[in-house]
Amino acid sequence: MTHFDNDNKTTSYKKAGSLAKQMGNNNNFNQFAQTLSWLSAMNWTAKSLLAALTLTVMACSNSNTPASNTESKATEGETATVAAEGVTPITFWHSMSGELGETLDGIVADFNAANPEYKITAIYKGAYDESMNAGIAAFRAKQAPDILQVYEVGTATMMNAGDAIKPIQELSEEVGDPIDASQFVGAVAGYYSSMDGKLISMPFNSSTPVLYYNKDMYAKAGLPDRAPSTYNELKSDASALKKAGFCGYTTAWPTWVLVENFAAWHNIPFASKDNGFGGLDARLQLTQPLYKRLFSDLATMSKDGTFTYGGRGDAANTLFMSGKCGIFTGSSGSRAQVLKDGKFKFGIGKLPYYEDVAGAPQNSIIGGASLWVFNGKDANVYKGITKFFHHLSTPEVAATWHQKTGYVPVVKAGYDLTKSQGYYDKNPGTDIAVQSLSADTTAQSRGVRLGNLPEIREMEEGYMEQIFNGSMTVDVALAAMEDDGNKVLEQFESDNKK
């Protein structure tokens, strides 16, 4: 087992061992919990930890999505209410705070009222890294929740968890109430499915990056009321905003937006082996000409003040919400927060692209989270969980969740219902995220399934910061990202060979 000491933060990328296989036995759980403790001992900020442990984002967790400081009704210190006799209790740990948590509480309450033989207790366990840590600790203590919400970049790790996890399609078939994977948006279902197309976790809160622009700033800068669609337009608009006295462009979730989604949007590989879907021997491919072009442009924009690096994770959200920056790329799930905190008119567009790249734009990839079920539970618990998952995938619930939160409707019928209700006509731009995900995916645009991706993201952002502050050239930084990231992947492969 890898030993993690805490004497030097700079050794993180070389010393951090594999986070996968963590659930196969208690020793691996010890390793993962030790990793979390070690990261905390580095005195990293909460947002750095979130970025490092984002198994959106992405842009988007409750930090990858709109949230407030108010937690949902069931909080971390609470335990599931003891159910009445004849009622099967089900514990659901999640990371939805603020308005998200309140919306989720309402969905759970509706299910409980309609299914009195079950009692689901939704418990807020903190941000995604915190809830993951709590779930691991509970599993080690043989007190795991029945359902655990896990963010999307943890998918590879969870899939390598062995017998700790109960695949949800298999579960639903065993209880005689199959979940139909075809009802979900293809890009979402594909991400959470095994190589043979079987759903392993339940799609729930999915987001994708979009571009927001401040209409008031655009008007003051003499710009047309439209989102910049290309990088040439982005650079031109950012320059005009700067001349008008504003910050031009910033982005949340830098690696999710500028590395992973940039590759999918331009239909180039982020890593070999179909971005990791094809095997554990996947390796990063970050020294491609198009990556060099993007980061050279951003380095220039950073130098001339038209691009402002806002920090890791969702730290840059405040630069847009506060009215400082006029252009912002971030999670589609941030829309509710913009509506709540932004004191200005805004528009939404798709991610920018280089118009001379053949086939671009392709499609963006998802962030958010899915719901995982632990193995070894009672048959009645599994029946209740299956019923609850069917409840979540009804058109009405899917549409309500989408419209209230800004997450994309993971169920096709939820999108159809929302459209028929006239929601998109009344709220222009709210269908941009759905459109961005709607193309038939390719091997390069299906998504990313790499082990220890949080560690890779943290490493990448460290080098990106050096590009933006001018202390490292683009070529050197990208080569170092690729080399250090591949060392992490090599270790992951070694730790998870059958």
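Structure: see above.
Source: prediction; values computed, not measured. (Residues numbered from 1 in each chain as written. Predicted model: local features only at pLDDT ≥ 70, side-chain atom pairs only at ≥ 80, totals over all residues. Heavy atoms only, no water.)

Visitor: Looking at this structure, how should I read the overall build of the chain?
Guide: Within the chain, the regular secondary structure consists of 22 helices and nine strands. Classification of the 498 residues of the chain by burial places 61% in the buried group. Total accessible area on the chain stands at roughly 18,300 Å², and carbon and sulfur atoms take up 48% of it. (Helix = DSSP H or I, 4+ residues; strand = E, 2+ residues; numbered from the N terminus. Buried < 20%, exposed > 50% of the residue type's maximum accessible area, 1.4 Å probe, protein only. Areas by Shrake-Rupley, 256 points an atom, 1.4 Å probe, with all protein chains shown as cover.)

Visitor: I'm lost on the sheet that holds strand E6 (residues 247–251) in this one. Help?
Guide: Note on sheets: strands pair through backbone hydrogen bonds, and any given pair is parallel or antiparallel. Read from one edge of the open sheet, four strands run E6-E7-E5-E8, paired in mixed fashion. Of all the strands in the sheet, the pair left with one neighbour each is E6 and strand E8 (346–349). The average undirected angle you get between the axes of adjacent strands in this sheet is 20°. Bridge analysis of strand E5 (residues 209–214) against E8 gives four bridges, and the strand direction is antiparallel. The residue bridging Tyr213 from the neighbouring strand is Gly347, located in E8. Strands in contact with helix H11 (residues 254–265) are E5, E6 and strand E7 (325–331); relative to E6, the strand with the most contacts, it is inclined by about 80°. (Pairing = 2+ DSSP bridges. Axes fitted to C-alpha atoms, helices over the stretch in contact; angles between N-to-C directions. Contact = heavy atoms within 4.5 Å.)

Visitor: Teacher, can you tell me more about helix H5 (residues 128–140) here?
Guide: Every α-helical turn comprises 3.6 residues, leaving residues that sit three or four positions apart pointing alike. Under the 1.5 Å per step criterion, the end-to-end length of H5 is 18 Å for 13 residues, consistent within 8% with the ideal 18 Å. Listing the buried residues of H5 in full gives Tyr128, Asp129, Ser131, Met132, Ala134, Gly135, Ile136 and Ala138. Positive backbone phi, approximately 60°, marks Lys142, located one or two places after H5. (Expected span 1.5 Å × (residues − 1).)

Visitor: Hey, could you run me through the state of the cysteines in this one?
Guide: Each disulfide consists of a covalent bond between the sulfur atoms of two cysteine residues. Counted by the stated rule, this structure contains one disulfide. What pairs with Cys247 in a disulfide is Cys325, and their sulfur atoms sit 1.8 Å apart. Between Cys247 and Cys325 the disulfide shows an S-S torsion of about 75°. By sign, it is right-handed. A residue pair is termed long-range when its members are at least 10 positions apart, and Cys247 in strand E6 and Cys325 in strand E7 qualify at 78 residues. (Disulfide = S-S within 2.5 Å.)

Visitor: Whenever I open this one, the environment of Ser296 confuses me. Can you help?
Guide: Along the polypeptide, Ser296 turns up in helix H13 (residues 289–304). The exposure class assigned to Ser296 is partly exposed, which follows from its relative accessible area of 32%. Along the chain, Ser296 and Ile467 lie 171 residues apart, while their C-alpha atoms are 8.5 Å from each other.

Visitor: What exactly am I supposed to notice about the sheet that holds strand E9 (residues 367–373) here?
Guide: In space, the five strands of this open sheet follow the order E2-E1-E3-E9-E4, with mixed pairing throughout. On the outer flanks of this sheet lie strand E2 (118–124) and strand E4 (202–207), each paired with one strand and no other. Taken pair by pair, the neighbouring strands of this sheet meet at an average axis angle of 20°, ignoring direction. Note that strand E1 (residues 88–94) and strand E3 (residues 147–151) share two bridges and pair parallel. The residue of E3 that forms the bridge with Trp93 is Leu148. Sitting on the sheet, H5 touches E1, E3, E4 and E9, and the angle it makes with E3 is about 140°.

Visitor: What exactly am I supposed to notice about the nonpolar core here?
Guide: Note on soluble globular proteins: their nonpolar side chains tend to be buried together. One finds Phe270, Tyr291, Phe295 and Phe389 to be the most contacted residues of the largest nonpolar core, which totals 134 residues. Per element, the largest residue contribution to this core is eight residues, and it comes from H11. Each residue touching Phe270, except ones within four places of it in the same chain, is listed here: Val259, Glu260, Ala263, Asn275, Leu284, Gln285, Leu286, Tyr291, Val448, Leu450, Leu453 and Glu460. (Core = buried A, V, L, I, M, F, W, Y, C linked by side-chain atoms within 4.5 Å.)

Visitor: Help me out: how do you make sense of the packing of H13 against helix H21 (residues 453–468) in this one?
Guide: The description of two helices packed together rests on the angle between their axes and the distance between the axes. Remark: H13 packs on H21, axes separated minimally by 8 Å, with the N-to-C direction vectors making an angle of 50°. Considered as vectors, H13 and H21 are oriented oblique to each other. Judged by residue contacts, Phe295, Leu298, Ala299 and Ser302 of H13 engage Met464, Ile467 and Phe468 from H21. Here the contact of H13 with H21 is built from residues that sort into six nonpolar, one polar and no charged. (Parallel < 35°, antiparallel > 145°, perpendicular 65-115°, else oblique. Nonpolar A, V, L, I, M, F, W, Y, C, P; charged D, E, K, R; others polar.)

Visitor: Even after reading the chapter, I still don't get the layout of surface pockets, so can you show me in this structure?
Guide: Where empty space is left becomes clear once a probe the size of a water molecule has been rolled over the atoms. In this model, the second largest pocket occupies a volume close to 390 Å³. Secondary structure elements with two or more residues in the lining of the second largest pocket: helix H6 (155–159) and helix H22 (474–495). Per-class residue counts for the lining of the second largest pocket are 15 nonpolar, seven polar and two charged. (1 Å grid on protein atoms, 1.4 Å probe; cavity = no way out; pocket = protein on both sides within 12 Å on 5 of 7 lines; lining within 4 Å. Points joined across faces, edges and corners; volume = space filled by probe spheres on them.)

Visitor: It is not clear to me how the pattern of salt bridges should be interpreted in this structure. Could you clarify?
Guide: Side-chain pairs of opposite charge can arise where the charged atoms are in close proximity. Tallied over the full model, the rule gives 17 salt bridges. Its salt-bridge partner being Asp146, residue Lys377 comes within 3.5 Å of it at the nearest N-O pair. You can see Lys377 sitting in the loop between E9 and helix H16 (379–392) and its partner Asp146 sitting in the loop between H5 and E3, a full 231 residues away along the chain. A salt bridge links Lys487 to Asp483; the nearest nitrogen and oxygen atoms lie 3.4 Å apart. Linking Lys487 with Asp483, this pair stays in helix H22, spanning four residues, or about one helical turn. Using a relative accessible area of 41% as the deciding quantity, one classes Lys487 as partly exposed. Residue Asp483 is classed as partly exposed on the basis of its relative accessible area of 42%. Here the residues in one salt-bridge network are Glu152, Glu260 and Arg457, joined through shared partners. (Salt bridge = Lys/Arg side-chain N within 4 Å of Asp/Glu carboxyl O.)

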